[in-house]
Amino acid sequence: MNRRRQLAIIGTAVLATAAVAAAPIQDLTPAGQRAVATGVFAAILWVTGALPLAVTALSIPVLLTVLGVYGDLAPALLGFADPVIFLLLAGFVLAEALQVHDIDRRIAYRLLVRMGTSPAGLVLAVMVATAALSTIVSNTATAAMMAPVAMSLAGEVSTRDAEAPPNLEITMLLGTAYAASIGGVATLIGTPPNAIVAATLRESLDIQVSFLTWLAVGLPVAVIGTPLAWYLLVRVVFPVADTDVTPARDHARQALADLPPLGPRGRRTVLIVAATAVLWLAGGLGYFLDTVLPRTVHTTLFGGSGAWLFGPGPYQGVLYYVVVGLLAIPTLVATDAADWDDLVDIDYDTLLLLGGGISLADALAATDAMTWLGGHVEVLAATLPIIPLILALTVFTILLSELASNTAVAAVFVPVVVTIGPAYALALGVGETVAATFLAVVVGLAASFGFAIPVATPPNAIVYGTGAVDRDHMLRAGVVLDLLFAAIITITLYITLTVAWPLG
């Protein structure tokens, strides 16, 4: 981007921000209006890329403070200390540890030998593996572990096959990010928005969402969405030619045979990464063990408001997925699985990017801005038939999640739709409680499907952080997939509501 255009876009963002901040907007407090204005500034610069994404993210707490949304800078910076940031940090470090010992390359060789029938087939294999893993491990952690494997796999094919399609690395990485998000919606533990929906329904409506109940809602979306996303990526947006990858497969087979056995440090790394994944899975079993374990033991492991083994509650739980992820970092160093100096070469820009997104969402929630936005959705959707209603809510949520993290959008918008949900009972043809529950699920699923901007979801940010995928690549593919998944959610959940709604 040339300097003149860059300055023009920045100037436009500043003018738009000032216009929104000064406009006579009814039913919105000054602080809420300025939070919305900050969101307009960030949205323009994130979409256009006039500034590096992390630089725009760092401007958010500055604007929130200068415009008076907060009285001082400290609360504006809290988003940069959000637990999701540190989960992402842990995922980056684990991926770096795998790379130090070439474990990612070994995995890539095995995938290539067993599934390398064509470049497009390889992309599908990686996407299916990523989506499946993301159902039981955090989608953030899954993307962090699979991204280096995807890069190694694409690099191996490109090195050995002179006719390798130029889009292979792009589709492989975008497919990894998108599959992690898609697979994550299948289970309660796959992505934080799912858990937010369950927690809100439990606290607001006293509805207990079980692991299997959510599976009945989320799994069909993941099963339908993964192959459709693959087809659009490799056949429509970034076409991947069906070339012969036999040379790459033969080399991978020989390379596997030639590789020395994994050394003690490498084996310790595999053990630590595997143990981390197992503990992440175990952390989602609280629903199954709620009536099995003594209450204090359950709270100690999974968290809760009651007493834990060594004191009164509330308690986070030792199996909280961020605690488990962070514990893996000192474990790698303390066991001499990896040197600290080898683990610090990670993408800090991406951490800043997500921190800015969370700070913006926190500001929208701390003021009345998110409620104001939700109220406008209610007014606009009040007279809509059921299918346009679901579609409108889905599209609105996806657009929100493009501008802020999916976790933050779910955290602030799910309670809004639970509150306004009873107003749509007649339109949905169900009781008020079921209407509120249904709309909360719609928002929870849609929040995970911001595909167009790196800040939208942690998996997006992870593959963007590799440097092999730029903003234009993600925007080009993401807009198409945003539209696709708005349709998938609408159709799938309509069928669920009318045929087999499990929560009513």
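Residues numbered from 1 in each chain as written. Predicted model: local features only at pLDDT ≥ 70, side-chain atom pairs only at ≥ 80, totals over all residues. Heavy atoms only, no water.

### Examining the nonpolar core
The biggest cluster of nonpolar side chains holds 150 residues, and the ones touching the most others in it are W46, Y178 and F413. Those residues in contact with Y178 that lie beyond four places of it in its chain are L233, F451, N460, M474, A477, G478 and L481. Among the nonpolar cores identified, the runner-up in size contains six residues, and I9, A13, L45 and A50 belong to it. (Core = buried A, V, L, I, M, F, W, Y, C linked by side-chain atoms within 4.5 Å. Buried < 20%, exposed > 50% of the residue type's maximum accessible area, 1.4 Å probe, protein only. Contact = heavy atoms within 4.5 Å.)

### So, the packing of aromatic side chains
Per the counting criterion, the structure on display carries six aromatic pairs. Considering the side-chain rings of W308 and F310, the 5.5 Å spacing of their centres and the 80 degrees angle between planes classify their relative orientation as edge-to-face. With relative accessibility at 69%, the residue F310 sits in the exposed group. Connected via pairs of aromatic rings, a cluster forms that spans Y178, F449, F451 and F485. (Phe/Tyr/Trp six-rings, centres within 6.5 Å; stacked < 30°, edge-to-face > 60°.)

### What about the side chain of Q33?
On the secondary structure map, Q33 appears in helix α2 (residues 30-48). Within the local environment of Q33, its side chain forms a polar contact with the backbone oxygen of A23, the two atoms lying 2.5 Å apart. Excluding residues within four positions of it along the chain, Q33 makes contact with V20, A21, A22, A23, I25 and L28. (Helix = DSSP H or I, 4+ residues; strand = E, 2+ residues; numbered from the N terminus. Polar contact = N/O pair within 3.5 Å; in protein donor to acceptor, adjacent residues only side chain to side chain.)

### Side note on the packing of helix α5 (residues 83-100) against helix α16 (residues 321-334)
Running from N to C, α5 and α16 cross one another at 40 degrees; their axes reach a closest spacing of 9 Å. The pairing of α5 with α16 is recorded here as oblique in orientation. You can see that α5 and α16 cross each other, and the crossing is left-handed. Contacts between α5 and α16 involve P83, F86, L87, L89, A90, V93, L94 and A97 from the former and Y321, V322, G325, L326, A328, I329 and L332 from the latter. (Axes fitted to C-alpha atoms, helices over the stretch in contact; angles between N-to-C directions. Parallel < 35°, antiparallel > 145°, perpendicular 65-115°, else oblique. Left-handed = near helix turned anticlockwise from the far one by under 90°.)

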